[in-house]
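Fold and contact review
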Amino acid sequence: MKRHKLIWVLSLMLLGLSSCKKFLDTKPYDKITGEQTWSSENLATAFIYQIYEDVLGNGSWLGSYASNNGPYAESSTKNAMTGTLNSAYWSKERAELMTKNDNYGWLSYGILWRIHTAIKNIGENAKFSDAYKKRSLGELYFLRAAHYFMMAKQFGGLQIIDHELSPDENLQIPRKSIKETYDFIISDLENAAAALPPAAERGRASSNAAHALLMRVALQAAAYVDGGTTNSTYYDKAIASGTAMGLNSSGSQLSPYFDMFRKYETAIAAQENILIRERSKTNTSLYDVPMQYEGLWSTGKFSAYAKQNFPITVTMNFWGMDRGAWPTQDLVNDYLVKDVDGAIKYWENTSYVTSGRNVDEKMYFSATKKRDLRFYASILYDSCMYFNNQARLFFRRDGNVSNANSKINEGSFAEYGYNAGNTENYNSSTGYGMVKYHYDHIISLPSPSDQKLDYSFSVLRFGEAYLNMAEAYLMKGDFENAKKYMAPTMVKHAGFDESQVTSYLAPLSGNVWGSSLFEAYKRERNVEMVYENNDRYWSLLRWGMRTSGGVKNGEYASNGYVIPELQGSLRGIRISRDGKTYTFFTENNAAGEAKFTPKRYLLPINETFRLKSGVNQNPGWD
């Protein structure tokens, strides 16, 4: 079976604002390839491959809104702080500084034209076999749904374009309701699931991919359309898709967590990945992947104390760390711990807090790995190994990768007589670093463009599908089934024993903000999905919209729930030089503290585009 490798394009698929014609161009003549495109199945397939690249290469899949840098995306939540204190990079979305003059994109009319011309020419082609037509149309419906969903979760109701537009049609296309838009997306995914094979070549959609995306879409639709009522049919659709995918209490489709995110060779082989997006080393360097933006920097420019006590003997030139994302204590606290009695507990409730002789024994457990194993695959922390086990990192006060200008080293000149820590100011401001999606064996070179590498992103995987199944049951009030589908990721990915997970989940109940089961689910989803598709942000909005009652007649059903996790300052950790004691601190970057008001449940539509296209603005942004 021929394998197709998708080459991911990192350029943003944002629309230009130069003219109405550019926005509403329905005749991209420069992209018409001629009749030869439809003369053979191979050429038609190549046309579809380009649509995969355009749709799944959109930064919205990985990022916040339409950012193309994954770590940067997490800072639209309180999971991570973007940039260093001397940088211009920060997330204005986190502080809600966006306006209706910003451009967060809209439907791509060019992509839709290519999808619709392919649907028409393949469907009407007498040369193509029925089997080829069925599969190709299934892929095209999947891709149309994927493109629409990226925009629907940002803007709500969209213009529904379901055919190749002609120059004679009225291009002032009104927006449909949120319900009509989500129903359109789900219909496409149902058609795709029926037409596609259960499994496919790497990088191509399968029926499992259609079902997995449908589950993601249905949960969002249930909240925004129905206000998350227990009888929402969208939850039933999510459960039906999970059942069709064969989800089970044993989590048989899951793979080791580390394998999917820390090495290309194991990522592409992981059975858990349903659909991946790849970049080839023929045209990919560190400049083109998030590794550059999350990597730590060390060329030896740190204090004399750090050089003596925490030496780094290798040069780590990953560049661009100003756009990195430093994990916060809020995120780290979500990774649970197995206590001495075998019970799974929130870190602050374990016995280790009082019995540990140093911070590592109280909190990180480098030697014994008592914490959720996803912590070690995702987060860099004080005294851990890094850079293919060549360097030991110290985020502590006066450590080799603690930012000299951060609160970690605040007051060091007065205390020591010098600026402590890493004086290059390109390292952690919170006491942590992000390492998920980081290939640790990659060699550091003076210029990131010289380091070529194959790279793989997970677009859809079974781990998320299990949690989507759990959420659908949770919102319906079926707590036992919710626990059943929460457990597999806790066992297979977190590394906890099944009996421990059962005991941990048994007393939990409730599906509203503050109830024990819902809070446990939020925590589990955060550590499972951190740094993927900005899942934390969209999930918080989904749950907040459920609490708000949905969107009715273009307005929020209530004043809108203010999401507590999107409010306030970020938290970091300040560990003493000797690594024995710690304190927490609050910090903000240039954007200020996190702020959320209900108007952000839907993004503003760019005003210039809105006036030219004739679509109405979202509530709160007029």
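Residues numbered from 1 in each chain as written. Predicted model: local features only at pLDDT ≥ 70, side-chain atom pairs only at ≥ 80, totals over all residues. Heavy atoms only, no water.

**Looking at the overall build of the protein**
When its secondary structure is counted, the protein shows 23 helices and 14 strands. Across the 622 residues that make up the protein, the buried fraction comes to 63%. Look at the contacts in the protein between residues 6 or more apart in sequence, and 71% of them connect residues 24 or more apart. For the protein, the accessible surface area stands at approximately 21900 Å², while carbon and sulfur atoms represent 50% of it. (Helix = DSSP H or I, 4+ residues; strand = E, 2+ residues; numbered from the N terminus. Buried < 20%, exposed > 50% of the residue type's maximum accessible area, 1.4 Å probe, protein only. Contact = heavy atoms within 4.5 Å. Areas by Shrake-Rupley, 256 points an atom, 1.4 Å probe, with all protein chains shown as cover.)

**Regarding the packing of aromatic side chains**
By the definition in use, this model includes 36 aromatic pairs. With centroids separated by 6.1 Å and ring planes inclined at 70°, the aromatic side chains of Tyr 376 and Tyr 381 adopt a geometry described as edge-to-face. Comparing Tyr 376 with Tyr 381, the two get one shared label, buried. Arranged with centres 5.5 Å apart and planes meeting at 80°, the rings of Tyr 437 and Tyr 531 form a pair that is edge-to-face. Taken together, the residues Tyr 437 in the loop between β9 (433–434) and β10 (455–461) and Tyr 531 in the loop between α21 (516–529) and α22 (535–548) connect sequence positions 94 residues apart. Over the ring of Tyr 376 we find Lys 369; its NZ or CZ atom is 5.1 Å from the centre of that ring. Cation over ring: Lys 599 sits above Trp 621, and NZ or CZ is 4.3 Å from the ring centre. (Phe/Tyr/Trp six-rings, centres within 6.5 Å; stacked < 30°, edge-to-face > 60°. Lys NZ or Arg CZ within 6 Å of the ring centre and 35° of its normal.)

**A few points about the packing of helix α7 (residues 207–226) against helix α8 (residues 233–244)**
Orientation of α7 relative to α8, taken along the N-to-C sense of each, is 170°, at an axis distance of 8 Å. In terms of their interaxial angle, α7 and α8 are classed as roughly antiparallel. Where α7 crosses over α8, the two elements pack in a sense that is left-handed. From α7, His 211, Leu 214, Met 215, Ala 218, Leu 219, Ala 221, Ala 222, Val 225 and Asp 226 reach across to α8, where they touch Thr 233, Tyr 234, Tyr 235, Lys 237, Ala 238, Ser 241, Gly 242 and Ala 244. Counted by class, the contact of α7 with α8 contains 11 nonpolar, 4 polar and 2 charged residues. (Axes fitted to C-alpha atoms, helices over the stretch in contact; angles between N-to-C directions. Parallel < 35°, antiparallel > 145°, perpendicular 65-115°, else oblique. Left-handed = near helix turned anticlockwise from the far one by under 90°. Nonpolar A, V, L, I, M, F, W, Y, C, P; charged D, E, K, R; others polar.)

**Re the confidence of the model for the protein**
This prediction gives the protein a mean pLDDT of 88; 89% of its residues lie at or above 70. Throughout residues 1–32 the model reports pLDDT below 50, and contacts reaching past four residues in sequence, or to other chains, amount to 81 contacts. Taken together, the stretch residues 64–69 has pLDDT below 50 and engages in 25 contacts with residues farther than four places along the chain or on a different chain. (pLDDT = per-residue confidence, 0-100.)

**A short note on helix α18 (residues 462–476)**
When the terminal C-alpha atoms of α18 are compared, their 21 Å separation across 15 residues agrees well with the 21 Å that a helix rising 1.5 Å per residue should span. For α18, the buried fraction is high: 14 of the 15 residues fall into the buried class. Once α18 ends, the next one or two residues include Gly 477, with phi positive near 90°. (Expected span 1.5 Å × (residues − 1).)

**Quick notes on the pattern of salt bridges**
On inspection of all chains with the given rule, the structure shows 34 salt bridges. Measuring nitrogen to oxygen at the nearest pair gives 2.6 Å for the salt bridge that ties Arg 114 to Asp 54. In this pair, Arg 114 is assigned in helix α4 (residues 109–123) and Asp 54 in helix α2 (residues 41–56), connecting sequence segments 60 residues apart. You'll find Arg 114 and Asp 54 in the same group, each marked buried. Connected through shared salt-bridge partners, Glu 272, Asp 372, Arg 374, Lys 436, Arg 461, Glu 524, Glu 528 and Glu 532 make up one network. (Salt bridge = Lys/Arg side-chain N within 4 Å of Asp/Glu carboxyl O.)

**Concerning the pairing of strand β14 (residues 582–587)**
Here 6 bridges tie strand β13 (residues 570–575) to β14, and the two strands are oriented antiparallel to one another. Bridge pairing links Arg 574 to Thr 583 in β14. Connecting β13 to the next strand, β14, in antiparallel fashion are 6 residues, including Gly 579 with a positive phi near 75°. (Pairing = 2+ DSSP bridges.)

**Considering the environment of Asn 422**
Here Asn 422 is to be found in the loop between α17 (412–416) and β9. Judged by its relative accessible area of 0%, Asn 422 is buried. Sequence separation between Asn 422 and Val 401 is 21 residues, and the spatial gap between their C-alpha atoms is 5.5 Å. Setting aside anything within four residues of it in sequence, one finds Asn 422 in contact with Trp 297, Ser 298, Lys 301, Phe 302, Gly 399, Asn 400, Val 401, Ser 402, Asn 403, Ala 404 and Asn 427. Reaching out from Asn 422, the side chain makes a polar contact with the backbone oxygen of Asn 400 at a distance of 3.0 Å. (Polar contact = N/O pair within 3.5 Å; in protein donor to acceptor, adjacent residues only side chain to side chain.)

**Examining helix α20 (residues 498–505)**
Of the residues making up α20, those classed as buried are Gln 500, Val 501, Tyr 504 and Leu 505. All buried residues of α20 fall inside an arc of 125° around its axis, so they share one side. The exposed set on the far side of α20, more than 90 degrees from its buried face, consists of Glu 498, Ser 499 and Ser 503. (Arc of directions from axis to C-beta.)

**Digging into unusual backbone geometry**
We note that Glu 96 has phi near 55°; this positive angle belongs to a residue other than glycine. Following the sequence through the fold, Glu 96 ends up in the loop between β1 (80–82) and α4. Among the residues examined, Glu 96 registers a relative accessible area of 9% and is labelled buried. Unusually for a residue other than glycine, Asp 398 sits at a positive phi of about 65°.

**Some points on the side chain of His 211**
Of note, His 211 is situated in helix α7. Reaching out from His 211, the side chain makes a polar contact with the side chain of Ser 241 at a distance of 3.0 Å. Dropping the residues within four chain positions of it, His 211 is found in contact with Ala 193, Ser 241, Ala 244 and Met 245.

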